[in-house]
Structures are given as structure tokens and as C-alpha cells.
Amino acid sequence: MPNLPPPANATLAQILTWAEFELAALHLQSPRLDAEVLLVHSLGLNRAGLYARLHTVLSPSQIAVFQQLLHRRLQHEPVQYITGVQEFWSLEFTLTPAVLIPRPETELVVETVLRLLSQIPNPKSQIRVLDVGTGSGCIAIALATELPTAEIWATDISAEALAVAEANAQRHQVHHRIRFLQGSVFAPLANRSQGFDVIVSNPPYIARDDLLTLQPEVRDWEPRHALDGGNDGLDFYRQLLNEAPEHLTPNGWLVLEIGHGQEVVLMPMIKGHREFADDFRVSDYEGRGRVIAARKR
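Described below are features of the structure shown in this document. Values in this document were obtained by computation on a predicted structure and should not be read as measured data.

1. Considering the overall build of the protein
Then step 1. Tallying secondary structure elements over the protein gives 11 helices and nine strands in all.
Then step 2. Seen along its three principal axes, the alpha-carbon backbone of the protein occupies a region of about 70 × 40 × 35 Å.
Then step 3. Scored against the burial criterion, the 297 residues of the protein give a buried share of 53%.
Then step 4. A sequence separation of at least 24 residues applies to 65% of the contacts in the protein between residues at least 6 apart.
Then step 5. Element-wise, carbon and sulfur atoms account for 51% of the exposed surface of the protein, whose accessible area totals about 14,200 Å².
Then step 6. Within the protein, the 34 negative side-chain charges are centred at a point lying 4 Å from the centre of the 25 positive side-chain charges.

2. Let's talk about unusual backbone geometry
Then step 1. One non-glycine residue with positive phi stands out, namely Gln173, at about 60°.
Then step 2. Gln173 gets classed as exposed once you look at its relative accessible area, which sits at 61%.
Then step 3. Positive phi is not limited to glycine here, since Val185 has a value of about 50°.
Then step 4. Checked against the element boundaries, Val185 lands in the loop between strand 5 (178-182) and strand 6 (196-201).
Then step 5. Its relative accessible area of 7% is what places Val185 among the buried residues.

3. Observations concerning the nonpolar core
Then step 1. Ranked by size, the top nonpolar core spans 37 residues in total, and within it Val110, Leu143, Ile152, Ile178, Val200 and Val255 carry the most contacts.
Then step 2. Setting aside residues up to four positions removed in sequence, Val110 forms contacts with Phe88, Trp89, Ile139, Ala142 and Leu143.

4. Let's talk about the pattern of salt bridges
Then step 1. According to the stated counting rule, one finds 20 salt bridges in the structure shown.
Then step 2. Here Glu77 and Arg72 are joined by a salt bridge, their closest N and O atoms 2.8 Å apart.
Then step 3. In this structure, Arg219 engages Asp220 in a salt bridge whose closest nitrogen and oxygen atoms are separated by 2.9 Å.
Then step 4. Overall, the relative accessible area of 46% leaves Asp220 in the partly exposed class.

5. A short note on the environment of Glu166
Then step 1. Within the element layout of this structure, Glu166 appears in helix 8 (residues 159-171).
Then step 2. Using a relative accessible area of 36% as the deciding quantity, one classes Glu166 as partly exposed.

6. Details of the sheet that holds strand 8 (residues 276-283)
Then step 1. One open sheet holds the seven strands; their spatial order is 5-4-3-6-7-9-8, and the pairing between them is mixed. Among the strands making up the open sheet, the edge pair consists of strand 5 and strand 8. On average, each strand axis in the sheet is tilted by 15° relative to the strand beside it, whichever way the strands run.
Then step 2. Running over the sheet, helix 7 (residues 138-146) touches strand 3 (128-132), strand 4 (151-156), strand 5 and strand 6 and is turned about 175° from strand 4.
Then step 3. Taken strand by strand, helix 10 (residues 235-247) contacts strand 3, strand 6, strand 7 (248-257), strand 8 and strand 9 (289-296), and its axis lies near 155° from that of strand 7.

Scoring rules and cut-offs
- Residues numbered from 1 in each chain as written.
- Predicted model: local features only at pLDDT ≥ 70, side-chain atom pairs only at ≥ 80, totals over all residues.
- Heavy atoms only, no water.
- Helix = DSSP H or I, 4+ residues; strand = E, 2+ residues; numbered from the N terminus.
- Buried < 20%, exposed > 50% of the residue type's maximum accessible area, 1.4 Å probe, protein only.
- Contact = heavy atoms within 4.5 Å.
- Areas by Shrake-Rupley, 256 points an atom, 1.4 Å probe, with all protein chains shown as cover.
- Lys, Arg positive; Asp, Glu negative; His and termini not counted.
- Charge placed at Lys NZ, Arg CZ, Asp CG, Glu CD.
- Core = buried A, V, L, I, M, F, W, Y, C linked by side-chain atoms within 4.5 Å.
- Salt bridge = Lys/Arg side-chain N within 4 Å of Asp/Glu carboxyl O.
- Pairing = 2+ DSSP bridges.
- Axes fitted to C-alpha atoms, helices over the stretch in contact; angles between N-to-C directions.

Below you can see the structure in the form of C-alpha cells.
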């Protein structure tokens with residue numbers, strides 16, 4: 001539990017200050033924001049409601065519930081797992097520790113796919129998209145909301161992750177247009193001959209020796225199989241580059257999120273691959289390579 005007890009007969013403002021102090025003592029990155037989010041969640045308010053009630057005195061039971069959430073955060077459990085939600089593409093996604101927490105930079109993957117599909121001169125009546133390693137389903141579901149006539153498939157090795165993704169698809173009323181399959185990478189597509197116009201993935205890309213250096217929120221809480229990219233972090237990229245052409249239509253695109261600095265290795269790999277023609281890189285808002293795309297010949 002927190003190091004110091006909460007002040008007696010505390011108001012919302014006093015509880016916020018107390019919680020911020022407890023979180024800051026562990027050098028967490030955003031103690032004030034975390035305290036606000038957890039308090040809002042525990043009270044069933046929004047932030048506007050919170051600040052409208054700063055002088056309200058909390059009951060002992062309300063403080064006890066908040067203390068339990070704060071204790072979890074003090075163990076470095078991510079706020080998103082405590083509240084069970086995270087926003088992505090202006091949509092709210094349900095989360096559990098079975099799936100990675102969607103990051104804002106992954107929205108660049110969605111943007112890239114939409115831009116590529118918008119440039120097709122004579123689009124087919126139905127675009128087919130495959131999301132490999134869908135996790136929470138955030139990429140597949142965001143694309144489904146933007147592409148109302150597209151047929152979208154999504155795979156994941158984890159049955160628990162697929163259950164979360166399917167629940168999110170139902171939540172956003174696109175479950176009837178996304179086909180979820182369990183298995184590693186392309187294994188669930190065996191004996192399925194029809195190709196995809198776009199294959200997209202945010203694969204595991206952390207080098208195995210670097211896993212122990214990650215922040216505790218990532219290292220100790222997010223699913224290891226969704227982080228571990230092998231000895232050099234590139235195992236899944238090699239498999240995707242080698243096997244994706246078999247599942248792409250002619251001129252179909254492979255769009256991948258990448259880790260910091262990995263374009264230095266991956267772009268030459270693509271250029272040396274006889275199955276791919278055009279390729280490009282997309283940088284995030286800090287100028288770091290975040291997405292690479294390659295077109296099948």
C-alpha cells in the first residue's frame with residue numbers, strides 16, 4: 001500500500017495531492033495524470049466532473065477503493081490495465097494483460113494503410129486486409145471503421161488476445177466484418193488461396209537481451225510473446241518478408257510497424273528481396289522511422 005496514509009476527511013483535491021506525492025516518490029513519469037485517471041475511474045466520473053468536485057469530502061469506502069488502485073500503480077502496473085481501457089484512433093478499447101497496450105504511434109500504421117488504399121486507381125468492389133498479430137484488435141478495428149466495405153482478417157497466436165479483440169470488435173459494431181483466426185503469423189491461412197490487398201502487422205520487435213532493460217511497466221506487465229523479437233529483434237520481420245508475398249495480391253502492400261533504428265537493417269532487406277518492388281518509410285512525430293511498406297511485384 002502507499003507509504004503514507006491518506007489525510008483524514010480528505011477532499012478530492014487533498015487526495016489528488018497525496019496520490020501525486022506517492023507516485024512521484026517512485027519517479028513515475030506522469031504522477032499527476034496517473035492520480036487523476038485512477039481517481040476518475042474509481043469514482044465513475046470524468047475529468048470535468050472531478051475538477052467540479054475538488055472540495056468534496058470522500059467517504060472512507062471511496063478512499064479505500066482508490067487506495068487499492070493506487071497500490072497497483074505503485075507496483076508499476078500500467079494505468080491502462082488498471083482501468084481496462086485505452087483510446088486508439090479516437091475509439092476506446094478494452095484491455096487486459098493478455099494484449100499489448102495500443103500506442104499513439106501505431107496510428108501511423110492505420111494512416112499509411114488508408115493512404116495506400118486511397119491511391120488505388122481502380123479499386124475492387126471489396127478490399128481484403130489481413131492484420132497479423134492483432135492483439136487488442138486496434139489496427140483491424142480502426143481500419144474496419146474507416147473502410148466500411150472492406151473484408152478484414154486478423155490472426156493472433158494467443159486465444160486470450162483474440163477474445164479481447166473480438167470483444168472490442170463487437171463493442172465498435174464491426175465484428176461481422178472481421179474474421180479472427182488463432183495461430184502464429186500466416187499458419188491460420190493454410191489452404192486459403194485468396195490473396196490480400198494489404199497485410200499489416202505490429203510484430204514483436206524487441207531484441208531478447210534488451211527485454212530486461214525495458215521500463216517495469218512494459219517488462220513486467222505486457223505479454224512477453226508480443227515483445228520478444230528474437231536475438232536481434234528481427235525474427236518476425238524475416239518471416240513476414242519471406243511469407244507475405246504468397247498471401248498478397250499482385251501490387252499488394254506489406255505495411256509494418258518497426259522499432260527505433262530498425263529501418264537501417266530492414267530497408268536493405270526489402271530492397272534485396274526479389275518479391276518486392278516499391279518501398280518507403282514513414283517517420284513518427286519525433287522523426288524516427290516508425291512504419292515501412294513494401295509492394296509486391
